[in-house]
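# Structural overview
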Amino acid sequence: EAAVTQSPRNKVAVTGGKVTLSCNQTNNHNNMYWYRQDTGHGLRLIHYSYGAGSTEKGDIPDGYKASRPSQENFSLILELATPSQTSVYFCASGATAQDTQYFGPGTRLLVL
Amino acid sequence: QQKVQQSPESLIVPEGGMASLNCTSSDRNVDYFWWYRQHSGKSPKMLMSIFSNGEKEEGRFTVHLNKASLHTSLHIRDSQPSDSALYLCAARGSSGNKLIFGIGTLLSVKP
C-alpha cells in the first residue's frame, strides 16, 4: 500500500501565526491532495497538485496556500492562522485522478 | 456544486447482522465511486471501488452501482465489531480531477 506521511501529527498555533503542514509520499504518485475534515462537513478539498511545481485550488482554498517542490513533497501553508482553521488535515496521493487516493495519518491543528 | 448524499447518518446493527449503506450523487457525469472506511482517530482507507453498473463482491462486502440513478450501496454481511467505523462514499464527477466526499455513515456493530 502507498506510504504517505505527514508532519507534524499535532500542532497548536496562535491566531495570526504562520503554520506549515508537510506531506511526503514514497510511491511516485503524480497527484497529491490536501483535505480538512470537520464534523458535519466530511472531507473537503483545499488544494491539489498534478506534479512537481503545480498547485490547483480545491473547493475551499481561501486562507490556504500550497507548495509542491518535488514529486514526493506537498505542503499546506496557513499564512495567518485563524481559529476557524482548527481541524484535522489529511494529505492524500494517487497515481492519477482515476486511481484510489491513499491518505496520510492526519494532522490535528488547534488554533488558539 | 456536485454533492454526494449518504444515508443513513448513523446505523446500529447486531454482530452477525447485515449493514446496508447508501450513497447518491447529484452530478449526472459521475463515473467512478469509491467507498472508504475510517476507524475512529485514523485516516480513511479505501474499501471498495466500482465503475460499472452492477455488483461487486469482496468477502463480506458487496457494492452495487446503478449509473442511471447515480446510486451506489455498500452491504456488509456478518457484521463484526471491528466493522464499527465511519464509512465515506466518494465520487469522481464532471471535473474529472478530484473526488467529492459525502459526510459519511457512522456504523456501530453491537456484540
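Each remark here, short or long, concerns the structure printed above.
Residues numbered from 1 in each chain as written. Chains lettered and ligands numbered in written order. Predicted model: local features only at pLDDT ≥ 70, side-chain atom pairs only at ≥ 80, totals over all residues. Heavy atoms only, no water.

All right, on to the nonpolar core then. Note that soluble globular proteins tend to have their nonpolar side chains buried in a common cluster. In terms of nonpolar packing, the biggest core is built from 24 residues, with Phe33(B), Leu74(B), Tyr87(B) and Leu107(B) touching the most fellow members. No other element matches strand S9 (residues 85–92) of chain B, which puts 4 residues into this core. Grouped together as the second largest cluster of nonpolar side chains are 18 residues, Val19(A), Leu21(A), Ile46(A) and Phe74(A) included. (Core = buried A, V, L, I, M, F, W, Y, C linked by side-chain atoms within 4.5 Å. Buried < 20%, exposed > 50% of the residue type's maximum accessible area, 1.4 Å probe, protein only. Helix = DSSP H or I, 4+ residues; strand = E, 2+ residues; numbered from the N terminus.)

Turning to the sheet that holds strand S8 (residues 71–76) of chain B, a few remarks are in order. Residue and element names in this part refer to chain B. Spatial ordering of the open sheet is given by S1-S3-S8-S7-S6, a layout of 5 strands whose pairing is antiparallel. Of all strands in the sheet, those with a lone pairing partner are strand S1 (4–7) and strand S6 (54–58), marking the two edges. On average, each strand axis in the sheet is inclined to that of its neighbour by 15°, with strand direction left out of account. (Pairing = 2+ DSSP bridges. Axes fitted to C-alpha atoms, helices over the stretch in contact; angles between N-to-C directions.)

Attention now moves to the pairing of strand S7 (residues 61–66) of chain B. All names here are of chain B. Summarising the sheet, S6 and S7 pair through 5 bridges and their orientation is antiparallel. Paired with Glu55 across the two strands is His64, which belongs to S7. Two successive antiparallel strands, S6 and S7, enclose a turn made up of 2 residues, where Gly59 displays a positive phi of approximately 65°. Where S7 meets S8, 6 bridges bridge the pair, whose relative direction is antiparallel. Considered in S8, the bridge of Val63 is made with Leu74. Between the end of S7 and the start of S8, which pair antiparallel, lie 4 residues, with Leu70 showing a positive phi angle near 55°.

All names here are of chain A. Counting buried residues along strand S9 (residues 87–94), 8 of its 8 residues qualify, which places the element largely inside the surrounding structure. Of the pairings in the sheet, the one linking strand S4 (residues 31–38) to S9 comprises 7 bridges and is antiparallel in character. Across the sheet, Trp34 pairs through a bridge with Cys91, a residue of S9. Taken together, the 2 bridges between S9 and strand S10 (residues 102–103) define a ladder with antiparallel strand orientation. Across the sheet, Ser93 pairs through a bridge with Tyr102, a residue of S10.

Residue-level contacts link 22 residues of chain A with 22 residues of chain B. Taken together, both faces of the contact between chain A and chain B bury some 1700 Å²; the carbon and sulfur share is 52%. Taken together, the links from chain A to chain B amount to 1 salt bridge. As a salt-bridge pair, Lys98(B) and Asp59(A) come within 2.7 Å of each other at their nearest N and O atoms. Those elements that place two or more of their residues in the side of chain A that touches chain B are S4 and strand S5 (42–49) of chain A. When residues in the side of chain A that touches chain B are grouped by element, the largest group, 4 residues, is from S5(A). (Contact = heavy atoms within 4.5 Å. Buried area = accessible area lost by both parts, 1.4 Å probe. Salt bridge = Lys/Arg side-chain N within 4 Å of Asp/Glu carboxyl O.)

Let us now look at the sheet that holds strand S7 (residues 65–67) of chain A. Residues and elements named next belong to chain A. With antiparallel pairing, 4 strands are arranged side by side in an open sheet as S1-S3-S8-S7. Each of the sheet's edge strands pairs with one partner strand only, and the pair in question is strand S1 (4–7) and S7. Neighbour-to-neighbour, the strand axes of the sheet open up by a mean angle of 20°, direction not taken into account. Relative to strand S8 (residues 73–78), S7 runs antiparallel, the two sharing 3 bridges.

Residue and element names in this part refer to chain B. Relative to the helices and strands, Gln6 resides in strand S1. Only 2.9 Å separates the side chain of Gln6 from the backbone nitrogen of Cys89, close enough to count as a polar contact. Residues contacting Gln6, with those up to four places away along its chain left out, are Asn22, Cys23, Trp35, Tyr87, Leu88, Cys89, Gly102, Ile103, Gly104 and Thr105. (Polar contact = N/O pair within 3.5 Å; in protein donor to acceptor, adjacent residues only side chain to side chain.)

Turning our eyes to something else, we now look at the environment of Asn73(A). Residue and element names in this part refer to chain A. Along the chain, the position of Asn73 falls in strand S8. Spatially, the C-alpha atom of Asn73 lies 15 Å from that of Gly106, the residues being 33 residues apart in sequence. If we ignore the near neighbours within four places in the chain, the residues touching Asn73 are Cys23, Asn24, Met32, Ser67 and Arg68. At a separation of 3.0 Å, a polar atom in the side chain of Asn73 contacts the side chain of Asn24.

Read these as layout, nothing more, since geometry by itself doesn't imply function.
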